[in-house]
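Topology and contacts: notes
Here is what each chain is made of, one letter per residue.
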Amino acid sequence: MRGFRWPPPPDGGPRTWGPGPGGPRTGRPALPEPETELVTTPHGVRLERLVTGTGDPVTVFAHGLGNGIATTRPFGSAVAGRKVFFQFRGHGRSDSPPGPWTYLDLARDLRAVADLGGASRAFGASLGAGALCRLLVESPERFEKLVFFLPAVLDKPRGEVAQARLTDLLDAVENGDASALADVVSTELPPSVRNTPAGWAYLRQRLDQLLRDGLAPGLASLPEQAPLRDAGVLAQVTAPALVIGCVGDDLHPVAVAEELAAALPQATLHVYDRPGVFWSERADLRERISGFLNG
């Protein structure tokens, strides 16, 4: 497959190096980002928050490393009630207190946002899934329903490939290197989506946000950490849980999803047969998450 170049062509269409026809030249621009607010938590860290929807129940959504509100909002599109999205410390407009930080710090951020919003349900993606696990160690009965999307780590640190990729992401953001950052972020896209209007729109949105807001240095040690010492502590969690994994994702090994589902007494595991499920299985993913939380 031919690679892409950065920055994108002036007219916004995908381009490829070498001979051969290009793809469509136009793409739909990304939706404008909604207005968020900064809320002060009991532990003194101000966090960026967005609340959508009305009524009960209330679900809190926790994002992955280097992601944020924009990337978690689609998961709540069909979920009933109010949805509370936020940015962990070091992301977006949230505070960056002196680091390094641990999963316990992230769990405090998640708990504070959940408590302030009155959330009775929780969704955690990747890093957010790890923070949710850490919160449940202290408060196994905190939530009525739980969703873990592509958990990345449980009681053992991430593998070398995952650590290297996340380090590359943090380095590219710190250096303000758009080309290097595009190389890293493009790995989030399935090959079939790269060099398409949708792929370019996603890249632009992610790079604009990362280069504008940055990522705090305090995040650098997280890829080397695990949220739990022993996954067995999750046996105290009695809430129904949905654990979603996929085969072939270096950052989110399917074994972690399987281990998490085995550790939770009331868990249902669903494994997709290929990576890039946010793109290839979006409708099924939306229905699966909303069906579980709304049921």
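Up top is the structure these notes are about.
Remember, it's a predicted structure, so these values are computed and weren't measured experimentally.

1. Points about the packing of aromatic side chains
Applying the stated rule across the entire model yields nine aromatic pairs. A ring pair is formed by Phe-61 and Phe-85, whose centres lie 4.7 Å apart and whose planes are at 25°; its orientation type is stacked. With a gap of 24 residues between them, Phe-61 in strand β3 (residues 58-62) and Phe-85 in strand β4 (residues 82-86) connect regions that are remote in the sequence. In this pair, the class of Phe-61 matches that of Phe-85, namely buried. Ring centres of Phe-75 and Phe-149 lie 4.8 Å apart, and the angle between their planes is 50°; on these two criteria the pair is classed as tilted. One end of the pair, Phe-75, is in the loop between α1 (69-72) and β4; the other, Phe-149, is in strand β6 (residues 145-149), with 74 residues separating them in the sequence.

2. Examining the sheet that holds strand β1 (residues 37-40)
One open sheet holds the eight strands; their spatial order is β1-β2-β4-β3-β5-β6-β7-β8, and the pairing between them is mixed. Edge positions in the sheet fall to β1 and β8 (267-272), since each has one partner strand and no second. Averaged over neighbouring strand pairs, the angle between their axes works out to 25° when direction is ignored. Examined bridge by bridge, β3 and strand β5 (residues 121-125) share four bridges and lie parallel to one another. Opposite Val-60, over in β5, you have Ala-122 as the bridge partner.

3. Details of the nonpolar core
Counting 63 residues, the largest nonpolar core has Val-60, Phe-143, Leu-146, Phe-148 and Leu-234 as the members making the most contacts within it. The greatest single-element share of this core, amounting to seven residues, is contributed by helix α3 (residues 127-138). Ignoring sequence-local partners within four residues, the contact set of Leu-146 consists of Ala-122, Leu-132, Leu-136, Val-237, Ala-239, Pro-240, Ala-241, Leu-242 and Phe-292. In terms of nonpolar packing, the next biggest core, distinct from the first, is built from 21 residues, Phe-61, Phe-123, Phe-278 and Leu-285 among them.

4. Structural notes on the side chain of Lys-145
With respect to the element layout, Lys-145 can be found in strand β6. No salt bridge is formed by the buried Lys-145, whose closest oppositely charged neighbour, Glu-144, lies at an N-O distance of 7.8 Å. A distance of 2.8 Å separates a polar atom in the side chain of Lys-145 from the backbone oxygen of Phe-292. Here Gly-295 takes part through its backbone oxygen, which lies 2.6 Å from a polar atom of the side chain of Lys-145.

5. Remarks on a nonpolar patch on the surface
A surface patch of nonpolar side chains, amounting to about 200 Å² of accessible area, comprises Val-247, Leu-269 and Val-271. Examined against the element boundaries, Leu-269 turns out to sit in strand β8.

6. Let's talk about helix α5 (residues 178-185)
Of all the positions in α5, only Leu-181, Ala-182, Val-184 and Val-185 are classed as buried. Seen from one end, α5 has its buried residues packed into an arc of 160°, which puts them on one side. Contacts made by the buried residues of α5 are with α4 (160-175) and α6 (197-213). The N-cap of α5, judged by a side-chain oxygen 3.2 Å from the amide nitrogen of Ser-179 a few residues on, is Asp-177.

7. A short note on unusual backbone geometry
Most peptide bonds adopt trans geometry, and most residues besides glycine take a negative phi value. For the peptide bond that leads from Asp-56 to Pro-57, omega is 0°, which places it in the cis range. Residue Pro-100 follows Gly-99 across a cis peptide bond; omega there is 0°. Within the secondary structure layout, Pro-100 lies in the loop between β4 and α2 (103-117). One non-glycine residue with positive phi stands out, namely Ser-126, at about 55°. With respect to the helices, strands and loops of the structure, Ser-126 is situated in the loop between β5 and α3. Non-glycine residue Asn-195 carries a positive phi angle of around 60°. Positionally, Asn-195 belongs in the loop between α5 and α6. Note on Asn-195: relative accessible area 15%, which makes it buried.

8. What to know about the packing of α5 against α6
At a minimum axis distance of 10 Å, the contact between α5 and α6 shows a crossing angle of 125°. Accordingly, the angle class assigned to the pair α5 and α6 is oblique. The handedness of the crossing between α5 and α6 is right-handed. Side by side, α5 and α6 meet where Ala-178, Leu-181, Ala-182 and Val-185 of the first sit next to Tyr-202, Leu-203, Arg-206, Leu-207, Leu-210 and Leu-211 of the second. For the contact of α5 with α6, the residue count by class is nine nonpolar, no polar and one charged.

9. Some words on the side chain of Arg-206
Tracing the sequence through the fold places Arg-206 in helix α6. Setting aside residues up to four positions removed in sequence, Arg-206 forms contacts with Gly-66, Asn-67, Thr-71, Val-185 and Glu-188.

Reading the values: the criteria
Residues numbered from 1 in each chain as written. Predicted model: local features only at pLDDT ≥ 70, side-chain atom pairs only at ≥ 80, totals over all residues. Heavy atoms only, no water. Phe/Tyr/Trp six-rings, centres within 6.5 Å; stacked < 30°, edge-to-face > 60°. Helix = DSSP H or I, 4+ residues; strand = E, 2+ residues; numbered from the N terminus. Buried < 20%, exposed > 50% of the residue type's maximum accessible area, 1.4 Å probe, protein only. Pairing = 2+ DSSP bridges. Axes fitted to C-alpha atoms, helices over the stretch in contact; angles between N-to-C directions. Core = buried A, V, L, I, M, F, W, Y, C linked by side-chain atoms within 4.5 Å. Contact = heavy atoms within 4.5 Å. Lys, Arg positive; Asp, Glu negative; His and termini not counted. Salt bridge = Lys/Arg side-chain N within 4 Å of Asp/Glu carboxyl O. Polar contact = N/O pair within 3.5 Å; in protein donor to acceptor, adjacent residues only side chain to side chain. Patch = residues over 30% accessible without salt bridge, like charges linked within 9 Å, V, L, I, M, F, W, Y side chains within 5 Å. Areas by Shrake-Rupley, 256 points an atom, 1.4 Å probe, with all protein chains shown as cover. Arc of directions from axis to C-beta. Parallel < 35°, antiparallel > 145°, perpendicular 65-115°, else oblique. Left-handed = near helix turned anticlockwise from the far one by under 90°. Nonpolar A, V, L, I, M, F, W, Y, C, P; charged D, E, K, R; others polar.

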